[in-house]
Amino acid sequence: MDVERCGGISPLIEVLKTVDNVDAMIYAAKVLTNLAGDPLLRLRVALAGGTPPLVRMLRHGSEAARQQAAMAITALAFDVTIVPQILTEGAIPMLVELVANGTSHSRLYAATALTNLSVGGVTGAEIVAAGGIPPLVELLRGELVNGRTTPSDDLSDPARKEAAGALRNLAADMSLGPQIVAAGAVSPLVRLLAEGGERAQTYASRALVSLASCAAEELVAADVIPLLVKRITGGLNDQIRSCSAGILPILHFHVADPRVLWLAVAEAGGVEAVDKRKIYATMALANLAVEEDLHSRIVAAGGVAALVDTMQLGKSEAKLYAMRALTALAVDATVSPLIIQAGGIGSLIHMLQEGNYECKTLAATVLTNLAADKTLKTEIKRVGGIPLMIRMLVRGTVEERCKVAGALFGLTYTNSENRVAIKLAGGIPPLLQQLMKNNTPERRREQTPNEGEGRDSLTPENAAEWIPEYPRCWAHLEGVPQLIQLLAEGVGSPEGRTYAMMALRLVAGNVEHTTRITELGAVPPLIRLLTAGTQDERTQAAATLANLAANPELIQHLADDGLLEPLVQLLGNGSPEGKLEAARTFKNLTLCTPLTATISAVGGLSTLLQLLGEPAALPEGKAHAARALLNLAGNAGQEIVAGGGVAELVELLKTGTPEARLYAVATIPVLQVFGVGKGIGLEMERRGGLQALVTLLREGLPEARTYAAMVFTIFAEEEDSLKRSIADAGGIPPLIKLLRDGLDEGRTYAVMALTNLALDTSLTGRIVQAGAVAPMLLLLTDGTMKANAESKLYVATALRNLVADAALKTTVAADGGIPALIQLSREGSEQGKMYAAAALTNLAVGTSLGVQIAEHGGLPPLIDLLKDTSSDARMEAASALRNLAGEPALHGPITELGGTEALLQLLDQGSTQAVASVPRVRVFDATMDCERRAVTTPCAGTLSPYAFPMPQLIAVIVSRPPKVTKAVAMYTWAITMYTWAIAMYTWAITMYRRAIAMYTWAIAICTWVIAMYTLVIPVHTWDITMCTLAIAMYTWDIAMHTWAIAIWTWDTAMYTWAIAMYTWDIAMCTWAISIFTWAKLCAVRALLSLSGHAREHIVHKNGIPKLIKMMNEPHDEINTYAAAMLPVLQVFDKDSFSVQPQIAQAGGVPALVRLLQAGTPEGRTYAAMGLTNLAAETTLRKQIAEAGGIEALVELMRDGSVEGKVYTLRALTNLTVDGDLKVGIAQSGAIPTLVEMLMSANSECQLYAAMALTNLSGDESITQEILKSGAREPLIELSMHGNVDGKLYAFKALKKLGVDVASPRPNIVTK
């Protein structure tokens, strides 16, 4: 314990894995062997992972290491919970090989390990498949497989003992007995029984008992009879004596001549051992055993073994009294195993065959009581008891047949192997024949009052147990009609009716029989008993009807026969067992959807809810009721919620069986859709349901854990307040555990729940600290977890939400998040790539992780996504590149890998190529808010009718609008529907006109008939005919008129639908355009970051026309960022003006002027910067003026920002160089504003205003206007107190305004 408390187990296991130090491994294995001697530490060694390295050591170690590993595995195998792990690691073949070829010590420990493993539950077939029987037999002989012998006084005796123990356990499987005998095990076992120690003799005797039925002749040939008699009278312990005695009756049934066997027993002194005193003693025990209070004292004194010995070897009188005593004792269930251990089964079977009338009856009675013990049923069959019972059923007296039938009933109850054995022994026909004999009117009159009563009576139940095993027997022998006849009123006794229903229930357990049972008329009497029978009869009737309802084709038939009302009554006032069977019936009935309303109307729904709340109801009944509610929830969700179903489901989640909790948690998502929606989560929170869900998530069935995660997903998406409640209830750690070891669907829902919880920024840290990142990344990268594309998508979504928290980005990156996300962006589905790009976008914001993304190869897949057909993927890729482009070190790699070209290509695409799908989270810089959305769960369905595997109860998808291509298709379809509606409307008008024409024609015919009737009386018959025709035509006219109205109504409906679809189409197109616009914005911002490094690349890749195109987009931010790029590109190459003509040719001047007039403040500033550089080009100045640039610049100079005014003044300064433009500038009202700028607090504004006024003052009229505007004083002030440049240009302006001096060189301003 000190080693364990100090944490020494794990280091020892690590030492086992170091193959380079053999001695250390051996010593570590020795310590683990000693630790495994303690049951608690044994389990902790296994849980710490000690089994795999021990098996590897057994497989690949040295001889000493293998020996020590076998010792350790032997110690671990004492715990049956560890045995499956040992088997999974493949230890059996290694142990068998060690038994065959190891050293003496190794063979001993390997045989001991096989003994312990076989006790722990390993099937003998696995040891046989590994070739284990021959080496064990050779070890039993004291020899190695290669022929070398081991001295008998060495360790051969312990090894032989363990070999016998292993063979004893293997021989318990009757199918392996012949193989053990064929390997030659009988002779060494007999020798061991004769010469071995006490434990060895015990193992040998128990093995021989199991092998006696298939090795009878070999045992007789080995002269085992004297040895058995010797061990019976003088064995070292009771077990040896009992097993030795038990071998004799088994040999009796399997030797050629049993008389020879018993003569040999007599000759060996087996009979003379019983004297007269035993008779009196046995008689006394028989009398004492009548009193149940004395049973324990008789057993404690060893009376059971003595009675069995007397029954086997005593004289006739002693045998009779011994059997009477055993009959009385066998009523006590604790005595039955003792009778078996004493070898009593074989003697009882012998009595059935050879005993007198009373002995046979008593033997059948004892076997009846023994058969009630589940562990003894197989033993009775093994020793050959069933054929003898069948023989007695055919030939015995009435009492013998009753006793035997009771014994057969006990043998077959819950034991299908015995049913098959009875079939093979020919037992079904005599049982059914006795059944029909016992229920004829004559037989009922002949029965005595006591005959046919009691536990052992020959009743319909005694036959019915075997009918399900023989689907054709009952049809040929008319057994089922006879059972149905017993259900008729006034025919059978109450007990007979109960047994008949039990039989029908078992037959109906096979769905193939249900239709035939219904056709034979079983349903009406069953419903009658369900209504008016005793509680036991009602329970059995409900159980039978539940099996019939398992056939979906019969459900409606059962309901039509009036089953629902009495079933609801039983569910309300029946016994606990009756309510259970009623709930089971409703579970099957509710699979028929049309019956849902009817079940609710007759009170079935409310009664099911009532059953869930009853403390006395059986747990299984509540589970059936929960499954029925699950089936009803899709159509009666509101009724369930209104009836208090949520409270009952929460209670069931807390206290129900595992199956009930599964059905309860599976019902909640269906109610969420078909009940009251969001209110369910809040009500469950009030009633403690969240804690129950957390417990279920931690400890429930795999499917239940999946549904719990599904519920948390829905709650966290629909109610923000529940996110924190789920986390506070402890929901995050079990969700992460489910993510590691759950079903595939469970892992998917676990990721979805964590994704939605991460929408609460206060929970993201808790999610990461709980260890969610590592299993999420494993789900992305490890193929052994069978992650599908959907799961990976949700993982990327969760990571995207988590890294929106700046504090968690480093943690996610340190856990390997960047390579995993890059892999998904390269290999994932369309949406997976998109969300991986979104996560990378968030990682790259405000951190230095952009370089790591590039180092792990993140740039190529992001650039490839820019070329993807999916607009949402392109948008996220552009967002990521925009953030990555914030790292100056990445400008070169992005450009070299084609990122600039891809971004420009994105700008060149039209809005019709957009995809209308909005990403959940988008982060571009540290100041922007995260836009996040939850994963939704929009719909629910119903479980599969016949099984409860993991169904597709709720189809979870990421909500996204259809693509533009789909929108176009819907638009086309809407137009088609509209055209069709017009056609139908036209056709309706035509039909209406035709109806009017037919009506007019009918009136004409009627008028003509009246005229003919008036004029031609002899043709009265013809008149009547024509009148009838007129009436018929009038009726036809009304029908056509009605049809026309119906068509018109249909046409109106289709027209309305067409308008709705057209409206939806417009909305989808608008959404698509907005998303694509956002993608363009991301691309423009990324290009702006790259433009300083990739100016040449952008220009040569025809980027300028695309930027001008972006300036014309109806989006202020796109206009602003596109305009911001032009000044950067205008300084391309050494020639500062080489780009200007390209800008002008691409329509840059009108675009810049338009932005200058109506853009954002930043956009107007960038437009002024661009016009400043364009105005430096002589050929472009007039183009700027013609496009309205002067007026726009003057306006910006008045109301722009300080920076905007500076660039406006610089642009105007360049424009004033052109003499043709001076007048226009003056007329635009620029001069007063320029004078105001002379008085600005900004020195640059003063400088450029002075420069502009200097250029303008050459014209007399303009000079006068300048002076009138009050420029003189500001210029003088500037010439005296301005900076150096300001003083210079103020002096020049004054000179040009009032002093005749030479004109200075025109001032050209560039950025």
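Before reading on, note that the structure itself is shown above.
Note that the coordinates shown come from a computational prediction; the quantities given were computed from them, not determined experimentally.

### As for the overall build of the chain
Here's step 1: Scanning the chain from terminus to terminus reveals 81 helices and zero strands.
Here's step 2: Looking at the chain residue by residue over its 1311 residues, the buried ones come to 55%.
Here's step 3: Contacts in the chain between residues at least 24 apart in sequence constitute 74% of all its contacts with a sequence separation of at least 6.
Here's step 4: Carbon together with sulfur atoms contributes 55% to the accessible area of the chain, which is approximately 53,900 Å² in total.

### Focus: the pattern of salt bridges
Here's step 1: Counted according to the given criterion, the structure contains 16 salt bridges.
Here's step 2: Residue Lys737 pairs with Asp741 through a salt bridge whose shortest N-O separation is 2.9 Å. Remark: Asp741 and Lys737 occur in helix H52 (residues 732-741); sequence separation between them is four residues, near one turn of the helix.
Here's step 3: On the basis of relative accessibility, which here comes to 36%, the residue Lys737 falls in the partly exposed class.
Here's step 4: With a shortest N-O distance of 2.4 Å, Asp744 and Arg747 are connected by a salt bridge. Highlighted residues: Asp744 and Arg747, both in helix H53 (residues 744-757), separated by three residues, approximately one helical turn.
Here's step 5: For Arg747, a relative accessible area of 7% puts it in the buried group.

### Topic: unusual backbone geometry
Here's step 1: A positive phi is found at Asp223, a non-glycine position, where the angle reads about 55°.
Here's step 2: Mapped onto the elements, Asp223 comes out in the loop between helix H16 (216-221) and helix H17 (224-234).
Here's step 3: Here Asp223 falls in the exposed class, since its relative accessible area comes to 53%.

### Quick look at the packing of helix H49 (residues 689-699) against H52
Here's step 1: Contact geometry for H49 and H52: axes closest at 9 Å, N-to-C directions at 30°. With respect to each other, H49 and H52 are oriented roughly parallel. Of the two elements, H49 crosses H52, and the hand of that crossing is left-handed. Facing H49, whose interface residues are Val694, Leu697 and Arg698, H52 presents Pro734, Leu735 and Leu738.
Here's step 2: Across the contact of H49 with H52, the residue classes tally to five nonpolar, no polar and one charged.

### Thoughts on helix H81 (residues 1284-1298)
Here's step 1: The terminal C-alpha atoms of H81 lie 21 Å apart, and with 15 residues this matches the ideal 21 Å at 1.5 Å per residue to within 8%.
Here's step 2: Looking only at H81, the buried set comprises Gly1286, Tyr1289, Ala1290, Ala1293, Lys1296 and Leu1297. Burial along H81 is one-sided: seen end-on, the buried residues are contained in an arc of 125°. Turned more than 90 degrees away from the buried face of H81, the exposed residues are Val1284 and Gly1298.
Here's step 3: Tucked inside the fold, the buried residues of H81 contact helix H78 (1243-1256), helix H79 (1260-1268) and helix H80 (1272-1281).
Here's step 4: Its side-chain oxygen placed 3.3 Å from the backbone nitrogen of Asp1285, Asn1283 serves as the N-cap of H81.

### A closer look at the side chain of Thr585
Here's step 1: Along the chain, Thr585 turns up in helix H42 (residues 576-589).
Here's step 2: Among the polar contacts made by the side chain of Thr585, one reaches the main-chain carbonyl oxygen of Ala542 at a distance of 3.1 Å.
Here's step 3: Ignoring anything within four residues of it in the chain, the contact list for Thr585 reads Ala542, Leu545, Ala546, Ala549, Leu563 and Leu567.

### Things to note about a nonpolar patch on the surface
Here's step 1: There is a patch of nonpolar side chains on the surface, built from Tyr999, Ile1003, Tyr1034 and Ile1038 and spanning about 360 Å² of accessible area.
Here's step 2: By the secondary structure assignment, Ile1038 is in helix H66 (residues 1020-1090).

### Things to note about H53
Counting along an α-helix, one turn takes 3.6 residues, and residues three or four places apart therefore face a common direction.
Here's step 1: The first and last C-alpha atoms of H53 sit 20 Å apart over 14 residues, in line with the 20 Å expected at 1.5 Å per residue.
Here's step 2: With 12 of 14 residues buried, H53 is to be regarded as a mostly interior element.
Here's step 3: For H53, every residue scored as buried is listed here: Gly746, Arg747, Thr748, Tyr749, Ala750, Val751, Met752, Ala753, Leu754, Thr755, Asn756 and Leu757.

### Considering the packing of helix H58 (residues 817-827) against helix H59 (residues 830-843)
Here's step 1: Put simply, H58 and H59 touch, their axes get as near as 7 Å, and they point 145° apart. When the axes of H58 and H59 are compared, the crossing they make is left-handed. Between H58 and H59, the residues in contact are Ile818, Leu821, Ile822, Leu824, Ser825 and Arg826 and Gly832, Lys833, Ala836, Ala839, Leu840 and Leu843, respectively.

### Some thoughts on the environment of Leu54
Here's step 1: Turning to its location among the elements, Leu54 is positioned in helix H5 (residues 51-60).
Here's step 2: In this structure Leu54 touches Leu16, Ala29, Ala69, Ala72, Ile73 and Leu76, once residues within four positions along its chain are discounted.

### Brief notes about the nonpolar core
Here's step 1: Among the nonpolar cores identified, the biggest contains 241 residues, and Phe586, Leu693, Phe715 and Leu754 are the most heavily contacted of them.
Here's step 2: The element contributing the most residues to this core is helix H45 (residues 619-642), with 11 residues.
Here's step 3: Here Phe715 is in contact with Ile668, Gln672, Ile680, Gly681, Met684, Leu690, Leu693, Leu722 and Ile726, once residues within four sequence places are set aside.
Here's step 4: Grouped together as the second largest cluster of nonpolar side chains are 90 residues, Ile26, Ile73, Val83 and Ala166 included.

### Remarks on the environment of Pro494
Here's step 1: Among the structural elements, Pro494 can be located in helix H36 (residues 494-508).
Here's step 2: Residue classification places Pro494 among the partly exposed positions, given a relative accessible area of 47%.
Here's step 3: With 43 residues separating them in the primary sequence, Pro494 and Glu537 have C-alpha atoms 7.8 Å apart.

### So, the side chain of Asn1119
Here's step 1: Within the secondary structure, Asn1119 is located in helix H69 (residues 1116-1130).
Here's step 2: In terms of polar contacts, Asn1119 uses its side chain to reach the backbone carbonyl oxygen of Met1111, at 3.0 Å.

Analysis parameters
Counting from 1, residues in each chain are numbered in the order their sequence is written. Restriction of local features to residues with pLDDT of at least 70 applies here, the model being predicted, together with a cutoff of 80 or more for giving and counting side-chain atom pairs; totals for whole chains, interfaces and linings are based on all residues. Remark: hydrogens and water are excluded; side-chain values derive from all non-hydrogen atoms of the structure. Each helix is a run of DSSP H or I of at least 4 residues and each strand a run of E of at least 2, with the numbering of both proceeding from the N terminus. Categorising residues by exposure relies on relative accessible area from a 1.4 Å probe, with only protein chains included: less than 20% of the type maximum marks a residue as buried, more than 50% marks it as exposed, and the intermediate range marks it as partly exposed. It only takes one pair of heavy atoms within 4.5 Å for two residues to be counted as in contact. Per-residue and other accessible areas follow the Shrake-Rupley method at a 1.4 Å probe size, with only the shown protein chains counted as cover for residues. Only one rule defines a salt bridge in this text: a Lys or Arg side-chain nitrogen within 4 Å of an Asp or Glu carboxyl oxygen. Axes here mean lines fitted to C-alpha atoms, for a helix over just the part in contact, with angles spanning 0 to 180 degrees between N-to-C directions. These descriptions rest on fixed angle ranges, namely under 35 degrees for roughly parallel, over 145 for roughly antiparallel, 65 to 115 for roughly perpendicular, and the rest for oblique. Helix crossings fall into two classes, left-handed where the near helix is turned counterclockwise from the far one by less than a right angle and right-handed where it is turned clockwise. Polar here means any residue other than Ala, Val, Leu, Ile, Met, Phe, Trp, Tyr, Cys and Pro, which are nonpolar, and Asp, Glu, Lys and Arg, which are charged; Gly is therefore polar. Residue count minus one, scaled by 1.5 Å, sets the expected span of a helix. Arc, as used here, means the arc of the directions from the helix axis to the C-beta atoms. N or O atoms within 3.5 Å of each other form a polar contact, as long as, within protein, one can give a hydrogen and the other can take it, and as long as residues adjacent in sequence are counted only when both atoms are side-chain atoms. Residues enter patches when their relative accessible area tops 30% and they take part in no salt bridge; the joining distance is 9 Å for like charges and 5 Å for the nonpolar side chains Val, Leu, Ile, Met, Phe, Trp and Tyr. Here, nonpolar core means buried Ala, Val, Leu, Ile, Met, Phe, Trp, Tyr and Cys residues that are tied together by side-chain atoms lying within 4.5 Å of each other.

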